[in-house]
Amino acid sequence: MACGEFSLIARYFDRVRNARLDVETGIGDDCALLNIPEKQTLAISTDTLVVGNHFLPDIDPADLAHKALAVNLSDLAAMGADPAWLTLALTLPAVDEAWLAAFSDRLFELLSYYDMQLIGGDTTKGPLSMTLGIHGYVPVGRALKRSGAKPGDWIYVTGTPGDSAAGLALILNQLTIDNPEDAAYLRQRHLRPTPRILQGQALRDLANSAIDLSDGLISDLGHILNASGVGARVDLDLLPYSDALRRHVQPEQACRWALSGGEDYELCFTVPELNRGALEVALGQLGTPFTCIGQISADVEGLHFTQEGKAVQLDWKGYDHF
Ligand code: TPS
């Protein structure tokens, strides 16, 4: 059956209305009209994913939907925001109904999980790509920023950075792992990252600064340092690795992926000494693994690494498209 742009939207993207969110008009008018809850600041972010750069052409459409939404949600997590509205501009080479059904099913599953609503978008023909605009809100004055790190703050990461880059290496056949469970785990960490939404919200009153790990710790922690005008020491011996990464990847490669691989979508944040106990409780209650990897310092510039107590120079860079 032929499926034009408008029936495509009606069939796959105009689904449920969210009762929590005050949306006057969702998909189906020229603009969406949203009423923002009182005493909340709107948090807005946008991300583009392009075939060949962010994913391979044969990616499973459900994985693509998951990743596209998760990387956007991760930006809201890094600010401590509550997710609410999504726009989706989708460019497709052709209408493939099975592909669209699988893509939109996973998208709406996640939207429902995070209690969000798709409020608009655009569909065009061309090489597969998409731009998502995500909107959330955060109580006025309580958003986490990159610029708040203070000397003496402890630096933490959630989860186990490096897994996503190992998953990508598996997908690109640059790495082989003979243990199917470990290989599947690493692939999943790349294809289906977990946005740390509740963790970001729990950090609002505990962390001085936060960022999500999209380009790798070197680059992303570097943004915190630049924005805050401070330096930091990170102890490479403290970097948390997953069992799968540790079992199958040489330590130096694991370290390189953790620092510069990117796409982990974990949070990196800094916490003053005073809040460390409350942090243990708050993230412990959520069952989130998190690790202290270093400390913000006023007497160094930029990022300094130590290993076995000695300074080490690393010339690795974070992921850069250009
Ligand atoms: C086919 N990659 C793409 S974007 C990015 C990384 C590490 C950083 C975050 O992007 N080639 C293929 N798939 C991939 N996922 C990569 C390379 C690696 P952005 O800054 O756009 O959010």
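A brief structural summary.

**Points about the packing of aromatic side chains**
No. 1: Enumeration over the complete set of coordinates arrives at 6 aromatic pairs.
No. 2: Consider the rings of Phe13 and Phe103, whose centres lie 6.3 Å apart with planes at 70 degrees: the pair is edge-to-face. Highlighted residues: Phe13 in helix α1 (residues 5–13) and Phe103 in helix α3 (residues 97–113), separated in sequence by 90 residues.
No. 3: Residue Phe13 is classed as buried on the basis of its relative accessible area of 5%.
No. 4: Judged by centre distance (6.1 Å) and plane angle (50 degrees), the rings of Trp85 and Tyr137 are tilted.

**What to know about the sheet that holds strand β9 (residues 231–235)**
No. 1: With mixed pairing, the 7 strands of this open sheet are ordered in space as β8-β10-β7-β11-β9-β12-β13. Lying at the two open borders of the sheet, with one neighbouring strand each, are β8 (209–212) and β13 (310–312). Taken pair by pair, the neighbouring strands of this sheet meet at an average axis angle of 30 degrees, ignoring direction.
No. 2: Where β8 meets strand β10 (residues 267–271), 4 bridges bridge the pair, whose relative direction is antiparallel. Counterpart to Ala210 in the pairing with β10 is Phe269.
No. 3: Running over the sheet, helix α7 (residues 217–228) touches β7 (154–158), β8, β9, β10, β11 (290–297) and β12 (303–307) and is turned about 150 degrees from β8.
No. 4: On the sheet, helix α10 (residues 276–286) packs against β7, β10 and β11 and is oriented at approximately 150 degrees with respect to β11.

**Topic: the state of the cysteines**
No. 1: Across all of its chains, the model carries 0 disulfides by this definition.
No. 2: We note that Cys268 lacks a disulfide partner, and the nearest cysteine sulfur, in Cys292, lies 10 Å from it.
No. 3: What makes Cys268 buried here is its relative accessible area of 0%.

**Digging into the site of the ligand**
No. 1: Taken together, the neighbourhood of the ligand is formed by 15 residues, with Asn53, His54, Gly261, Glu263 and His321 sitting nearest.
No. 2: The contact in question runs from an oxygen atom of the ligand to an N or O atom on the side chain of Asp215, over 3.3 Å.
No. 3: Between the ligand and His321 there is a distance of 2.8 Å, counted from an oxygen atom to a side-chain nitrogen or oxygen.
No. 4: With the chains in place, 86% of the 520 Å² that the ligand exposes on its own is no longer accessible.
No. 5: Here the shell around the ligand is composed, by residue class, of 5 nonpolar, 7 polar and 3 charged.

**What to know about the sheet that holds strand β4 (residues 82–92)**
No. 1: With mixed pairing, 4 strands are arranged side by side in an open sheet as β3-β6-β4-β5. The sheet is open, and its two borders are formed by β3 (40–50) and β5 (117–125), each paired with just one other strand. Strand-to-strand, the axes of this sheet are offset by a mean angle of 15 degrees, without reference to chain direction.
No. 2: With 9 bridges connecting them, β4 and strand β6 (residues 129–139) associate as antiparallel partners. Each bridged residue has a counterpart across the sheet, and for Ala89 the counterpart in β6 is Thr131.
No. 3: Where α1 meets the sheet, its contacts fall on β4 and β5, and the angle it forms with β5 comes to roughly 145 degrees.
No. 4: Strand contacts of helix α2 (residues 61–79): β3, β4 and β6, with the helix running at about 30 degrees to β6, the strand carrying the most contacts.

Calculation notes
Residue numbers here run from 1 along each chain, matching the order of that chain's written sequence. Residues qualify for local features only when their pLDDT is at least 70, as the model is predicted, and side-chain atom pairs are given and counted only at 80 or more; totals for whole chains, interfaces and linings, by contrast, use all residues. Note: side-chain values were computed over all heavy atoms of the structure, leaving out hydrogens and water. Here is the rule: rings of Phe, Tyr and Trp (six-membered ring for Trp) pair when centre to centre is within 6.5 Å. Planes less than 30 degrees apart are stacked, more than 60 are edge-to-face, and the remainder are tilted. Under the DSSP-based scheme used, a helix requires at least four consecutive residues in state H or I and a strand at least two consecutive residues in state E, with every element numbered from the N terminus. With a 1.4 Å probe rolled over the protein chains alone, any residue whose accessible area is under 20% of its type maximum counts as buried; one over 50% counts as exposed, and the rest are partly exposed. Pairing between two strands requires that DSSP report at least two bridges joining them. A fitted line through C-alpha atoms represents every axis, and for helices the fit uses only the stretch in contact; the resulting angles, taken between N-to-C directions, go from 0 to 180 degrees. It only takes one pair of heavy atoms within 4.5 Å for two residues to be counted as in contact. Disulfide assignment relies on a single distance test, namely cysteine sulfur atoms paired within 2.5 Å. We call a residue near a molecule or strand when any one of its heavy atoms sits within 4 Å of it. In protein, a polar contact means a hydrogen-donor-capable atom and an acceptor-capable atom, both N or O and within 3.5 Å, with residues adjacent in sequence counting only if both atoms are side-chain atoms; elsewhere, any N or O pair within 3.5 Å suffices. To be clear on the numbers: accessible area is Shrake-Rupley with a 1.4 Å probe, and residue cover counts the displayed protein chains and nothing else. The classification used treats Ala, Val, Leu, Ile, Met, Phe, Trp, Tyr, Cys and Pro as nonpolar, Asp, Glu, Lys and Arg as charged, and all other residues, Gly among them, as polar.

These values are about where atoms sit, not about what they do.
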